Amino acid sequence: MQPISHRRWQLRQTEPRPELVNELATRLRINPLTAQIMALRGICDADSGEEFLHANLSRLPDPDLLPDMNIACQRIEQALSRGERIAIHGDYDVDGITGCSLLVEVLRKLGADVDYHIPLRLVDGYGLSAEALRQAAKHGCSLAISVDCGVSAVAEAELAAELGLDLIITDHHQPPELLPRCLALINPHLPGCRFPWRDLSGVGVAFFLLAGLRRRLRESGYFHNRSEPDLRQSLDLVALGTIADIVPLGGVNRILTRSGLQLMERDSRPGISALKQVADVKQVTSGVVGFRLAPRLNAAGRLEDAALGVQLLLNEEEDLSGLASLLDGFNRERQQLEQKTLQEACRKVEEEISDDSFSIVLAGEDWHPGVIGIVASRLVERYHRPVVMLAVDGDQVKGSARSIKGFHLHRGLQECAGQLSAFGGHEMAAGMALKKGNIDMFRNSFELACRSQLQADDLVPVVLHDGEVELEQITREWLAELELLNPCGAGNPQPAFLSVRCRVLDARILAEKHLKFSVEQEGARVDCIAFGMAERYAELSGCVDLLYRPGLNTWRGTTSIQLQVTDFH
């Protein structure tokens, strides 16, 4: 199979009605181009536009709309009043790390005796750990709360009951048919859930548990003789985990992340400040969180112990700079492993997978389980197929999968359940375990599952944009206004535009990997950068159509408009 060489350009949605664009522009006092962007993101009236632009915390929904919220809050209140010891069980990705940190931080402020556990990826594997529950009971805990895991932990929930542990599960992954029997199961994807925003992250679910708990404690008079924690001061953790987990940044998530990013920018948490320093972060954006801060936290869980990330976020070490530097070193090691594995995986794809395959399933004896998920994402970008990467260790196999639009990964894996020991995840990402002897059967079943959901056209990637723009329309004032659309990410992508018949000027290769050039259209001239496209240098001649994200670039004290080109024809 060869890498994808052609991409379809397509308007993000059907062309919005001119009357809607005019209404948004007039009532919100914004540029018509900005109004068009908002309309293409589903903003259908000025009131919705106002809510989108200002994303006020007062608009957060009632926590009690989540399933079992009252039961969970009542039990935690009881644990607080009795001085019971509480065990928090997180997960080893950034969502689980931040969710665990959030619960521990706030519960301790409420006076709770709290312990926590983050599983070791290479030892414990994914999900609620039976051994961790045994240790919690051994150390005197009577209540256990999971975050970002547990919705499929049927056996572990039974064990908790046998150990005398009351178990509250908070999770956001797709629930299986058979649910664990526990005291409370809080998951926005459960049937009958009345919460208006289903796409919460794990840390987002944990935040609403704390919001519901604080309200209950406030009503019961718990704060008459103690200070009440300000949950707004923990929104940096919520933003970090939500962005890292690539859940849609609309609705509730937009409100939470917008406030959380502002908190990160103010350096209110020493651990995040130390992380910003080693990552050389000058300004915090959703992109910076996703590509520079989160990977350093993730690296701890991928290669070592994710609990190091919790220690950093909770300021549990005296030398936070040293701990941040340690995580930075793990990240560099992760990058090297990732690159080596990616090269091997690409060779396997191009030698072993036919161009008419709808899926890619690869297995390697010496692949590190901590990087196969990232490599699967890289392969999806390169070949535009659902990808499963399998790390083989003796007879045991751990897998990580990533998908494309049109293929619901969790549903696809349900069709392959007979070959899997365990699996979990959601539409676009999942993990699994299986026996080595089942790899070939699983590969065949997964291919059939992909063919049942996908058509041949789905295998040609579509690049979405927000409409055609003349170069002369791109002004600094408009680019400043586009900042109102932040935070951008999944569900609220950074605006991208199309400009046609642009004459290429001064094209050159930069740092052996990138293209640097200018374009001119009807007298307007703009600088362009095309990252990682050096091999397409020969195509840059005469006039081209450009697909790009506009922005400002500062170099040696001078700021100018620059187009970050994502494709050109």
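See above for the structure.
The model shown is predicted, which means the values in this text are computed figures rather than measured ones. (Residues numbered from 1 in each chain as written. Predicted model: local features only at pLDDT ≥ 70, side-chain atom pairs only at ≥ 80, totals over all residues. Heavy atoms only, no water.)

**Comments concerning the nonpolar core**
Residues Ile88, Leu107 and Ile145 are the most contacted members of the largest nonpolar core, which totals 82 residues. Broken down by element, this core gets its largest block of residues, 10 residues, from helix H8 (residues 202-219). Residues in contact with Ile145, not counting those within four places in the same chain, are Ile76, Ile86, Ala87, Ile88, His89, Leu103, Leu107, Ile168, Thr170 and Leu209. Formed by 42 residues, the second largest nonpolar core is a distinct cluster that contains Tyr383, Cys416, Ala430 and Ile439. (Core = buried A, V, L, I, M, F, W, Y, C linked by side-chain atoms within 4.5 Å. Buried < 20%, exposed > 50% of the residue type's maximum accessible area, 1.4 Å probe, protein only. Helix = DSSP H or I, 4+ residues; strand = E, 2+ residues; numbered from the N terminus. Contact = heavy atoms within 4.5 Å.)

**Focus on helix H17 (residues 439-453)**
A rise of 1.5 Å per residue sets the reference length of H17, with its 15 residues, at 21 Å; its end C-alpha atoms lie 21 Å apart and thus fit the reference within 8%. Looking at H17, one finds that the buried residues are Ile439, Phe442, Ser445, Phe446, Glu447, Ala449 and Cys450. If you follow the buried residues of H17, they end up packed against strand S7 (360-364), strand S8 (387-393), strand S9 (396-402), helix H16 (409-414) and strand S11 (429-435). (Expected span 1.5 Å × (residues − 1).)

**What to know about unusual backbone geometry**
Residue Asn486 is joined to Pro487 through a cis peptide bond whose omega torsion reads 5°. Residue placement: Pro487 occurs in the loop between helix H18 (476-482) and strand S13 (497-510). Not every positive phi belongs to a glycine, and Asp148 is a case in point at roughly 70°. With respect to the helices and strands, Asp148 occurs in the loop between strand S4 (141-147) and helix H7 (154-162). Exposure remark for Asp148: the relative accessible area of 0% places this residue in the buried category. Backbone geometry places Asp267, a non-glycine residue, at a positive phi of 60°. Here Asp267 is to be found in the loop between helix H10 (251-265) and helix H11 (270-278).

**Details of the packing of aromatic side chains**
Applying the stated criterion across every chain, the model contains 6 aromatic pairs. Connected via pairs of aromatic rings, a cluster forms that spans Phe195, Phe207 and Phe208. Across from the ring centre of Phe52, 3.7 Å away, lies the NZ or CZ of Arg254, which sits over that ring. Over the aromatic face of Phe568 sits the side chain of Arg536, whose NZ or CZ is 4.0 Å from the ring centroid. (Phe/Tyr/Trp six-rings, centres within 6.5 Å; stacked < 30°, edge-to-face > 60°. Lys NZ or Arg CZ within 6 Å of the ring centre and 35° of its normal.)

**What to know about the sheet that holds strand S10 (residues 422-425)**
Taken in spatial order, the 5 strands line up as S7-S8-S9-S11-S10 in an open sheet, and their pairing is mixed. Across the chains shown, the open sheet's two edge strands, defined by having one partner strand only, are S7 and S10. Averaged over neighbouring strand pairs, the angle between their axes works out to 15° when direction is ignored. Bridge count for S7 against S8 is 5 bridges, and the pairing is parallel. Along S8, the bridge assignment pairs Ala363 with Leu390. Across the face of the sheet, helix H15 (residues 372-383) comes into contact with S7, S8 and S9 while running at roughly 45° to S9. In this fold H17 packs onto S7, S8, S9 and S11, with an angle of close to 165° to the strand it touches most, S7. (Pairing = 2+ DSSP bridges. Axes fitted to C-alpha atoms, helices over the stretch in contact; angles between N-to-C directions.)

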